[in-house]
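# Descriptive structure summary
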Amino acid sequence: MQEEPAQQYAEYYRDKNSQYFGSSRKLRALADGYFGLNYVFIVNVAIAIAVLIGASTLGDSAVTAEFVAAGVLAAIVGVMSYPFNKKIGYAVGWKSSEPLIVSMLMALSSWICGGIIGYAIIQNIAAKEMKLFGVKSNLIGLRKEIETAIRELERKEEARQGAGAVL
């Protein structure tokens, strides 16, 4: 009876400090998208509050003004959120149409509770992807931790490119 040969494994680079091996460009896109949506949310809430205050002074024509303002707010949120959703979509691997769809949904929900649910969902997707890069999600020092992780990835990428050139 013949014995089966022992299982053999190929040796390849495995980073001991990270669960996931992604590019610094993708982590940078995630960070830009994540933090960019914070600014869009602030603009969203500021416009909504301004409209509500303004509408309260208009009296009978307030309903018409609110509908017009809701449309303008939706357009602003859709246009402002698209570049950030596109960056997150690139890093996560969405189809090219998905950032546009997400931006449109965020625009439609911008009047309801400031659209906070849409922002939370998309930022949660980005945060989960950043965790794969070894970034711990905490509110204090998150940007600094991401920048450190990006620099480390860039250093590793340069080292691999340098080693590839030698081979």
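Heads up: the structure comes first, above all this text.
Just so you know, these numbers come straight off a predicted model, no measurement behind them. (Residues numbered from 1 in each chain as written. Predicted model: local features only at pLDDT ≥ 70, side-chain atom pairs only at ≥ 80, totals over all residues. Heavy atoms only, no water.)

### Description of the overall build of the protein chain
When helices and strands are counted, the protein chain shows five helices and zero strands. Counting from the amino terminus, the protein chain carries its helices and strands in the arrangement α-α-α-α-α. Sorting the 167 residues of the protein chain into buried and exposed places 34% on the buried side. When the accessible surface of the protein chain is split by element, carbon and sulfur atoms take 63% of a total near 11400 Å². (Helix = DSSP H or I, 4+ residues; strand = E, 2+ residues; numbered from the N terminus. Buried < 20%, exposed > 50% of the residue type's maximum accessible area, 1.4 Å probe, protein only. Areas by Shrake-Rupley, 256 points an atom, 1.4 Å probe, with all protein chains shown as cover.)

### Concerning a nonpolar patch on the surface
On the surface, Ile101, Leu105 and Leu108 cluster together to form a nonpolar patch covering roughly 330 Å² of accessible area. Relative to the helices and strands, Leu108 resides in helix α3 (residues 98-108). (Patch = residues over 30% accessible without salt bridge, like charges linked within 9 Å, V, L, I, M, F, W, Y side chains within 5 Å. Salt bridge = Lys/Arg side-chain N within 4 Å of Asp/Glu carboxyl O.)

### Observations concerning the pattern of salt bridges
Applying the stated criterion across every chain yields a total of three salt bridges. For Glu147, the salt bridge goes to Arg28, with nearest N and O atoms at 2.6 Å. In this pair, Glu147 is assigned in helix α5 (residues 142-166) and Arg28 in helix α1 (residues 24-56), connecting sequence segments 119 residues apart. In this structure Glu147 comes out as partly exposed when scored by relative accessible area, which is 25%. Between Glu152 and Arg155 there is a salt bridge, with the nearest N and O atoms lying 2.3 Å from each other.

### Section: the side chain of Ser81
Here Ser81 is to be found in helix α2 (residues 62-92). There is a polar contact of 2.8 Å between the side chain of Ser81 and the backbone oxygen of Val77. Setting aside its immediate chain neighbours within four residues, Ser81 contacts Leu37, Val40, Ser103 and Met106. (Polar contact = N/O pair within 3.5 Å; in protein donor to acceptor, adjacent residues only side chain to side chain. Contact = heavy atoms within 4.5 Å.)

### Side note on the packing of aromatic side chains
How two aromatic rings sit relative to each other is set out by the distance from centre to centre and by the angle between their planes. Applying the stated criterion across every chain yields a total of two aromatic pairs. When the centroid spacing of 5.2 Å and the interplanar angle of 85 degrees are considered together, the rings of Tyr34 and Phe35 count as edge-to-face. By the burial criterion, Tyr34 is buried, and Phe35 matches it. On the numbers, 5.2 Å between centres and 70 degrees between planes, the contact of Phe41 with Tyr119 is edge-to-face. Residue Phe41 is found in helix α1, and its partner Tyr119 is found in helix α4 (residues 116-132); the two are separated by 78 residues along the sequence. The ring centre of Phe35 lies 4.0 Å from the NZ or CZ of Arg143, which sits over that ring. (Phe/Tyr/Trp six-rings, centres within 6.5 Å; stacked < 30°, edge-to-face > 60°. Lys NZ or Arg CZ within 6 Å of the ring centre and 35° of its normal.)

### Quick look at α4
Compared with the 24 Å implied by 1.5 Å per residue over 17 residues, the 24 Å span of α4 between its first and last C-alpha is a close match. Those residues of α4 not exposed but buried are Gly118, Tyr119, Ile122, Gln123, Ala126, Ala127, Glu129 and Met130. One side of α4 holds all its buried residues, which, seen down the axis, span an arc of 160 degrees. For α4, the exposed residues set more than 90 degrees away from the buried face come down to Ile117 and Lys128. Of the residues one or two after α4, Gly134 is the one with positive phi, at around 90 degrees. (Expected span 1.5 Å × (residues − 1). Arc of directions from axis to C-beta.)

### A short note on the side chain of Ser103
Turning to its location among the elements, Ser103 is positioned in helix α3. Note on Ser103: relative accessible area 2%, which makes it buried. Sequence-distant contacts of Ser103, that is, excluding residues within four places in its chain, are made with Gly78, Ser81, Tyr82 and Asn85.

Distances and angles like these do not, on their own, reveal function.
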